[in-house]
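Structure assessment
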Amino acid sequence: MKLLYGTGNPAKLASMKKKLKGLDIELIGLRDLNREIPSVPEDGNTPLENARQKATAYYQAFQIPVFSCDSGLYFDNVPDDIQPGVHVRTVKGKCLTDNEMIDYYSNLARRYGDLTARYKNAICLVLDDSHIYEAMEPAMESEPFLITEKPHAKMKKGFPLDSLSIDIRSGKYYYDLTESDSDESEKEDGFLTFFRKVLEQE
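Residues numbered from 1 in each chain as written. Predicted model: local features only at pLDDT ≥ 70, side-chain atom pairs only at ≥ 80, totals over all residues. Heavy atoms only, no water.

1. Considering the confidence of the model for the chain
The share of residues in the chain with pLDDT of 70 or more is 96%, and the mean pLDDT across the chain is 92. Mean pLDDT values for the elements of the chain range from 90 in strand 4 (residues 90–91) up to 98 in strand 8 (residues 145–147). Here residues 184–188 is a poorly scored stretch, pLDDT under 50, and it has 15 contacts once near neighbours within four places are set aside; other chains count. (pLDDT = per-residue confidence, 0-100. Helix = DSSP H or I, 4+ residues; strand = E, 2+ residues; numbered from the N terminus. Contact = heavy atoms within 4.5 Å.)

2. As for the pairing of strand 3 (residues 66–75)
Burial within strand 3 is extensive, with 9 of its 10 residues counted as buried. Judged from the 2 bridges that link them, strand 1 (residues 2–5) and strand 3 form a sheet pairing that is parallel. Across the sheet, Leu4 pairs through a bridge with Val66, a residue of strand 3. Two elements, strand 3 and strand 6 (residues 115–128), share 10 bridges in a ladder whose sense is antiparallel. Note on strand 6: the bridge partner recorded for Cys69 is Ile123. (Buried < 20%, exposed > 50% of the residue type's maximum accessible area, 1.4 Å probe, protein only. Pairing = 2+ DSSP bridges.)

3. Observations regarding the environment of Phe67
Following the sequence through the fold, Phe67 ends up in strand 3. When sequence neighbours within four positions are dropped, the list of residues in contact with Phe67 reads Leu3, Leu4, Tyr5, Gly6, Met16, Leu27, Ala55, Ile123, Cys124, Leu125 and Phe195.

4. Digging into unusual backbone geometry
Non-glycine residue Gln63 carries a positive phi angle of around 55°. Along the chain, the position of Gln63 falls in the loop between helix 2 (47–62) and strand 3. In this structure, Asn77 takes a positive phi of about 60° despite not being glycine. Looking at the secondary structure, you find Asn77 in the loop between strand 3 and strand 4. The exposure class assigned to Asn77 is exposed, which follows from its relative accessible area of 75%.

5. Some remarks on the environment of Asp162
Residue position: Asp162 is located in the loop between strand 8 and strand 9 (165–166). Sequence separation of Asp162 and Thr97 is 65 residues, and the distance between their C-alpha atoms is 14 Å.

6. Some remarks on the environment of Phe75
Checked against the element boundaries, Phe75 lands in strand 3. Put simply, Phe75 and Asp43 are 32 residues apart on the chain and 21 Å apart in space, counted from C-alpha to C-alpha. With sequence-adjacent residues up to four places away left out, Phe75 is seen in contact with Gln83, Pro84, Tyr105, Leu108, Leu115, Thr116, Ala117 and Ile147.

7. Topic: the nonpolar core
A general tendency of soluble globular proteins is for nonpolar side chains to be buried together. Of all hydrophobic cores here, the largest spans 21 residues; its most connected members are Leu27, Phe67, Ile123, Leu125, Phe194 and Phe195. When residues of this core are traced back to their parent elements, those giving at least two are strand 1, helix 1 (10–19), strand 3, strand 6, strand 7 (131–135) and helix 4 (190–201). Sorting elements by how many residues they give to this core places helix 4 first, with 5 residues. Leave out the neighbours within four places in its chain, and Leu125 touches Leu3, Val66, Phe67, His131, Ile132, Tyr133, Phe194, Phe195 and Val198. With 18 residues, the next largest nonpolar core counts Val78, Ile82, Leu96 and Ile147 among its residues. (Core = buried A, V, L, I, M, F, W, Y, C linked by side-chain atoms within 4.5 Å.)

8. Comments concerning the pattern of salt bridges
Scanning the model with the defined rule gives 7 salt bridges in all. With its nearest N and O atoms 3.2 Å apart, the salt bridge here joins Lys54 to Asp70. Here the residue Lys54 occupies a position in helix 2, and Asp70 occupies one in strand 3, the gap between them amounting to 16 residues. For the pair Lys54 and Asp70, one class covers both residues: buried. As a salt-bridge pair, Arg89 and Asp98 come within 2.8 Å of each other at their nearest N and O atoms. For Asp98, a relative accessible area of 14% corresponds to the buried category. If you follow the salt bridges from partner to partner, you end up with Glu42, Lys54 and Asp70 in one network. (Salt bridge = Lys/Arg side-chain N within 4 Å of Asp/Glu carboxyl O.)

Structure (structure tokens):
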């Protein structure tokens, strides 16, 4: 099965190819099409709504089987009205810069203590008009990690929260993890399970 992954991010495409290795799927990304990519509004309230918006828009544009993913950031033990969800970079209608994000989430961790966080992921796969599969399962979530109030000295442009992220098992910033520290069992095998089920049904 040849599938379009609705992303222009080469790192995301490579990561998904690795996850799905061994399945009878040929994966391509938006950049492989050499066509104009439609702009898709991602204004859903959940990762699944955004994944659905993107997948259906790309299917309508290119008329080939396509899937899209989306994620949201969720904290334990904070009020619902300050859960970032899919609006990780937008707070009260304002799109934050990298430095503003570090300040905002650092202040949250100062207020509530280190925040236990996880990314909830969703997927929508459109094979044709009558075969649409989607999921937002616990098995697709990231491993829990901590957002702390003191930023790491290192900051990668476009990924400001990495500077505040700490691995729960080792207590180290992700930037300080060695290969032996990151002996992680990928909880996101939920994506592999999702595609196996789809292939069984097709």
